[in-house]
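Inside the fold
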Amino acid sequence: WWMPLLFLAVALANSLTGGVFVWCLGVVQATLFPVVVLSNGRLGVVLGPAVLTVAAAVGAVAYMKLMQTSGADALLASTGAKDSKWLATTQSWAENYGVLGLLALKVAPVPIPTAAVVVAGVLAKIDEFTILTVVVGSKFVQLVLGAVALQFVVEGKT
């Protein structure tokens, strides 16, 4: 019963730090996801993705609020991302393609942190509710599909 709570704590920490500690928190998170999905029967198909989606939503809201209060420049300067190529790329996708650009960034096979997508969306002046909807919706659907595939592949195996 406690494993999903541990998973939530790790996922929240990873999301709120913007993936900076992916070498530690990301590895633990990636290890806990299949444990939660596989150890909770059919409920795990929804529970694992729900935990990661809640953490992503909390992180997205935190980054949106941080950008409103401190300003985008202060946030980007403090993380060292102010003049980075990945930020320019994500921002251009968000500006040129709007919501579809954000969606493409979230479902791309290259892992792009939620924080980067949120920052790109805010800088492209996309509505906050729309950013949150894209982040939460795409993440949940993608993770449920992965969880279903995971359970299907290991079903009946010992």
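Not measured: the values here are computed from a predicted model.

**Comments concerning the overall build of the protein chain**
When helices and strands are tallied, the protein chain shows 8 helices and 0 strands. When the helices and strands of the protein chain are listed from N to C terminus, the series reads α-α-α-α-α-α-α-α. Split by element, the accessible area of the protein chain, about 8,700 Å² in all, is 72% carbon and sulfur.

**Here we look at the packing of aromatic side chains**
Counted by the stated rule, this structure contains 2 aromatic pairs. With a centroid separation of 6.2 Å and an interplanar angle of 50°, the aromatic rings of Phe7 and Phe33 are classed as tilted. Within this pair, whereas Phe7 is found in helix α1 (residues 3-16), its partner Phe33 is found in helix α2 (residues 22-39), the two being separated by 26 residues in sequence. The two residues Phe7 and Phe33 agree in class, both being buried.

**Let's talk about a nonpolar patch on the surface**
A contiguous nonpolar surface patch, about 510 Å² in accessible area, is contributed by Trp93, Tyr97, Leu100, Leu103 and Val107. Taken together, the elements giving at least two residues each to the nonpolar patch come down to α5 (85-97) and α6 (99-107). Among the elements that line the nonpolar patch, the one with the most residues is α6, at 3 residues. Its place among the elements puts Leu103 in helix α6.

**Overview of the pattern of salt bridges**
Throughout the structure, instances matching the rule amount to 1 salt bridge. With a shortest N-O distance of 3.1 Å, Glu155 and Arg42 are connected by a salt bridge. Placement of the pair is Glu155 in the segment after α8 (128-154) and Arg42 in the loop between α2 and α3 (44-70), with a sequence separation of 113 residues.

**A look at α1**
Look at α1: 20 Å from first C-alpha to last across 14 residues, which is about the 20 Å you get at 1.5 Å a residue. Taken as a whole, α1 has its buried residues at Pro4, Phe7, Val10, Ala11, Asn14 and Ser15. End-on view of α1: buried residues confined to an arc of 130°, all on one side of the axis. Within two residues after α1, Gly18 carries a phi angle of roughly 70°, on the positive side.

**Some thoughts on the packing of α1 against α2**
The N-to-C vectors of α1 and α2 enclose an angle of 150°; their axes lie 9 Å apart at closest approach. Viewed along their axes, α1 and α2 form a crossing whose handedness is left-handed. Two secondary-structure elements touch here, α1 through Met3, Pro4, Leu6, Phe7, Val10, Ala11, Ala13 and Asn14 and α2 through Val22, Leu25, Gly26, Val28, Gln29, Leu32, Phe33, Val35 and Val36. Class assignment of the residues belonging to the contact of α1 with α2 gives a composition of 14 nonpolar, 3 polar and no charged.

**What to know about the packing of α5 against α6**
Relative placement of two packed helices is described by the angle separating their axes and the distance separating the axes. Put simply, α5 and α6 touch, their axes get as near as 5 Å, and they point 140° apart. Put simply, α5 runs oblique to α6. Residues Thr90, Trp93, Ala94 and Tyr97 of α5 form the contact with α6, whose own contacting residues are Val99, Leu100, Gly101, Leu102, Ala104 and Leu105. Split into classes, the residues belonging to the contact of α5 with α6 amount to 8 nonpolar, 2 polar and no charged.

Cut-offs used in this document
- Residues numbered from 1 in each chain as written.
- Predicted model: local features only at pLDDT ≥ 70, side-chain atom pairs only at ≥ 80, totals over all residues.
- Heavy atoms only, no water.
- Helix = DSSP H or I, 4+ residues; strand = E, 2+ residues; numbered from the N terminus.
- Areas by Shrake-Rupley, 256 points an atom, 1.4 Å probe, with all protein chains shown as cover.
- Phe/Tyr/Trp six-rings, centres within 6.5 Å; stacked < 30°, edge-to-face > 60°.
- Buried < 20%, exposed > 50% of the residue type's maximum accessible area, 1.4 Å probe, protein only.
- Patch = residues over 30% accessible without salt bridge, like charges linked within 9 Å, V, L, I, M, F, W, Y side chains within 5 Å.
- Salt bridge = Lys/Arg side-chain N within 4 Å of Asp/Glu carboxyl O.
- Expected span 1.5 Å × (residues − 1).
- Arc of directions from axis to C-beta.
- Axes fitted to C-alpha atoms, helices over the stretch in contact; angles between N-to-C directions.
- Left-handed = near helix turned anticlockwise from the far one by under 90°.
- Contact = heavy atoms within 4.5 Å.
- Nonpolar A, V, L, I, M, F, W, Y, C, P; charged D, E, K, R; others polar.
- Parallel < 35°, antiparallel > 145°, perpendicular 65-115°, else oblique.

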